[in-house]
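Residues per chain are reported as follows:
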Amino acid sequence: MSAAATRLRRLATAATAAVAVTACGGAILLTPSVASNDPAGGSATIQSVRRTINNPSAVVPSRTVQESSLISATSANPVDILVVGGGATGCGVALDAATRGLRVGLVEREDFSSGTSSRSTKLIHGGVRYLEKALFNLDRGQLKLVFHALEERKQVIENAPHLCHALPCMTPCFNWFEVVYYWMGLKMYDLVAGRHLLHLSRYYSAQESVELFPTLARKGNDKSLRGTVVYYDGQMNDSRLNVGLACTAALAGAAVLNHAEVVSFLKDEDTQRIIGARIRDNLSGQEFDTYAKVVVNAAGPFCDSLRKMANKDAQPMICPSSGVHIILPDYYSPEGMGLIVPKTKDGRVVFMLPWLGRTVAGTTDSNASITPLPEPHEDEIQFILDAICDYLNVKVRRSDVLSAWSGIRPLAVDPNAKNTESISRDHVVSEDYPGLVTITGGKWTTYRSMAEDAVNAAIKSGKLSPGNECITSNLRLIGGDGWEPSFFTVLAQQYVRMKKSYGGKVVPGLMDTAAAKHLSHAYGTLAERVATIAQNEALGKRLAHGYPCLEAEVAYCARNEYCESAVDFIARRSRLAFLDTDAAGRALPRIIQILSTEHNWDRSRQKEEMKKAKEFLETFKSSKNAQFHDGKHQ
Ligand SMILES: Cc1cc2nc3c(=O)[nH]c(=O)nc-3n(C[C@H](O)[C@H](O)[C@H](O)COP(=O)(O)OP(=O)(O)OC[C@H]3O[C@@H](n4cnc5c(N)ncnc54)[C@H](O)[C@@H]3O)c2cc1C
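The rules behind these values
Residues numbered from 1 in each chain as written. Predicted model: local features only at pLDDT ≥ 70, side-chain atom pairs only at ≥ 80, totals over all residues. Helix = DSSP H or I, 4+ residues; strand = E, 2+ residues; numbered from the N terminus. Buried ≥ 20, exposed ≤ 12 C-beta atoms within 10 Å, placed from the backbone. Pairing = 2+ DSSP bridges. Near = placed C-beta within 6 Å. Nonpolar A, V, L, I, M, F, W, Y, C, P; charged D, E, K, R; others polar. Domains from an automatic or database assignment. Contact = placed C-beta atoms within 7 Å.

## Observations concerning the overall build of the protein chain
Inference 1: Regarding its fold elements, the protein chain presents 20 helices and 24 strands.
Inference 2: Burial analysis of the protein chain (634 residues in total) assigns 56% to the buried set.

Laid out in structure tokens, this is it:
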């Protein structure tokens, strides 16, 4: 398809820099626009939105209310923007648009973050590798991308400080050339970050390095460790950040609805412009129409299927690639230090990062096909184990794998490109069908600026009249305002965990440091509401041995975070499915019991939930993991 044949329109804002037309049919790669800087203030409306979001007792409208407002968006009274897809991008768009004073709806066919956005490496990063490429290829476009991502990295961390933090990452060097090379490269990374720098990188001797990272091998591939260079990137709890975006958008007035799927588009018969969508509520099976002045397609890897719904001849924009991660016990890595090997013996990246009390390990993506529930393959798990083996002095055992998952990256590409390495991580905004603006590509780190560009495009397409400019560069998400790292001490000192014993007697328990820290990070200042439930409703027991997750969280998430199924809880609200599939399985009966009380589920729904959750856990390979022996990894 030639660029001329497409009806892609240039939707970049004035601030948008380099625009490159790709051979994949004229999709426009945009370097993200510079965020408009509305400092904390703004109009009375903006201030009122900020107050609502920051109010610790604000409650999101119920799912029923959200569905009713979508149903009431008729052709005579459409919403301004209907967003399809509740990942980081879609929820970012809904929040941006709602805080500009637009009327917004969002539908997500499964759960917020059920797609790629819960399956990432959880790094908030500028992309050290892309910096390397930018410097070697003298590529200003790549350099700008890294620069911009580093700026966004700082903002994401500031806007959700409870869910994000700076993480030191260690790069081992096995000869002096590597020491100099990585030291210079990472100093350059610091330099490009400029005032958005998290902390300065530095060199550690071999001795210092093993003190910081006790499981690091002093020899790798028969070469002695010469030292390490430690640099900083951000780390997040991706799905909780995503749910936070959805709930913040809901408080700002967006009608966000999970388990609601777009099954077809509604078109104006005369102009053929898209004017809304037919939605199926996947919980009730009911269908309804919602009208909108513009539809934003933020369906991630599935955005081509939405584009095909509008125009069956639409050419693909997505080149999917998939990445696998495994979870290992905490002793594989120290609590506050990651390990990143930029080049293993076969040239791939391998990393091991501490995350929520365990260790997440993974490697570079490979080409993949698009499937709703991607599963990790045994050879991919083996590859990661083999790769980390070379750099550790701990016995790497297959039976240590607690969970494994796969995610599909929605790379927006030139279909003629040979491999995913050469594909830009930039994002694409295009309106190749009137009324349907597609936003895809990019990465978690840049979701906010992607959303800003998509909303700018939607405003142009629908001739919308927002009340104000974009304010998300300086907007704390729910639970983030007023949160301090020491907040857990308030929980530890002021709350008790009331627990029901097997005989039905209610007994008090300590709000120990692990539980208090976990609640503080997962819910920010709203953790006090969870702690209150634990105390007043005798829901203070842990859901799974060895994990700080409490029964009260199930009730809280059902009431305040649109947690509609057992899978929603084990995968996206708590991270049990990602951390430890066996522990998640053991917690299921109690989770379903509490959700049944909250949602009035009958026996058959309870059975159905158990079945679906067990099937879901199978896609994280729990049972196979525990028993697998290949003779190589004991
Ligand atoms: C292995 C891996 C590791 C990564 N690591 C990082 C990292 O460390 N840092 C980083 O910045 N980025 C990372 N990324 C990239 C990042 O995760 C993605 O760019 C981002 O999550 C994409 O978000 P999205 O909202 O566009 O897509 P998704 O999260 O996939 O959301 C799209 C949503 O649309 C929904 N949907 C689809 N069709 C319909 C329909 N018909 N109706 C309603 N809803 C529909 C889907 O259910 C889905 O939830 C990683 C990606 C992968 C694959």
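Back to the write-up after that little detour.
## Notes on the pairing of strand β16 (residues 338-341)
Inference 1: Bridge count for strand β6 (residues 164-173) against β16 is 2 bridges, and the pairing is parallel. Within the sheet, the bridge partner assigned to cysteine 169 lies in β16 and is glycine 338.

## Quick word on the site of the ligand
Inference 1: Of all residues adjacent to the ligand, which total 40 residues, the nearest are Gly85, Gly87, Gly115, Gly300 and Gly323.
Inference 2: For the shell around the ligand, the elements supplying multiple residues, two or more each, are α3 (88-99), β12 (260-267) and β20 (403-412).
Inference 3: Here the shell around the ligand takes 4 residues from β20, the largest share from any one element.
Inference 4: A breakdown of the residues in the shell around the ligand according to their chemical character gives 13 nonpolar, 18 polar and 9 charged.
Inference 5: When residues of the shell around the ligand are assigned to domains, at least three fall in each of domain 1 (19-50 + 63-117 + 241-316 + 424-474) and domain 2 (163-238 + 320-421).

## A closer look at the pairing of strand β22 (residues 436-441)
Inference 1: The element β22 is largely enclosed, with a buried count of 6 among its 6 residues.
Inference 2: Summarising the sheet, strand β14 (residues 287-297) and β22 pair through 3 bridges and their orientation is parallel. When the bridges of β22 are listed, asparagine 297 appears paired with threonine 438.
Inference 3: Pairing geometry for strand β21 (residues 427-433) and β22, over 5 bridges, is antiparallel. Opposite tyrosine 433, over in β22, you have leucine 436 as the bridge partner.
Inference 4: Following β21, the chain reverses through 2 residues before pairing antiparallel with β22; glycine 435 in that reversal takes a positive phi of roughly 90°.

## Some remarks on the environment of alanine 249
Inference 1: Within the secondary structure, alanine 249 sits in helix α8 (residues 238-251).
Inference 2: The class of alanine 249 is buried, set by 31 C-beta atoms lying within 10 Å.
Inference 3: A sequence separation of 156 residues divides alanine 249 from valine 93, and the C-alpha atoms of the two residues are 9.0 Å apart.
Inference 4: For alanine 249, the contacting residues outside a window of four places in its chain are Cys91, Ala94, Leu95, Ala98, Leu106, Ala254 and Val256.

## Re unusual backbone geometry
Inference 1: The residue histidine 259 is not glycine, and still its phi comes out positive at about 55°.
Inference 2: In this fold, histidine 259 is placed in the loop between β11 (255-257) and β12.
Inference 3: Of note, lysine 463 is a non-glycine position whose phi angle comes to about 50°, a positive value.
Inference 4: With respect to the secondary-structure elements, lysine 463 resides in the loop between α11 (447-462) and α12 (488-494).
Inference 5: For lysine 463, a count of 8 C-beta atoms within 10 Å corresponds to the exposed category.

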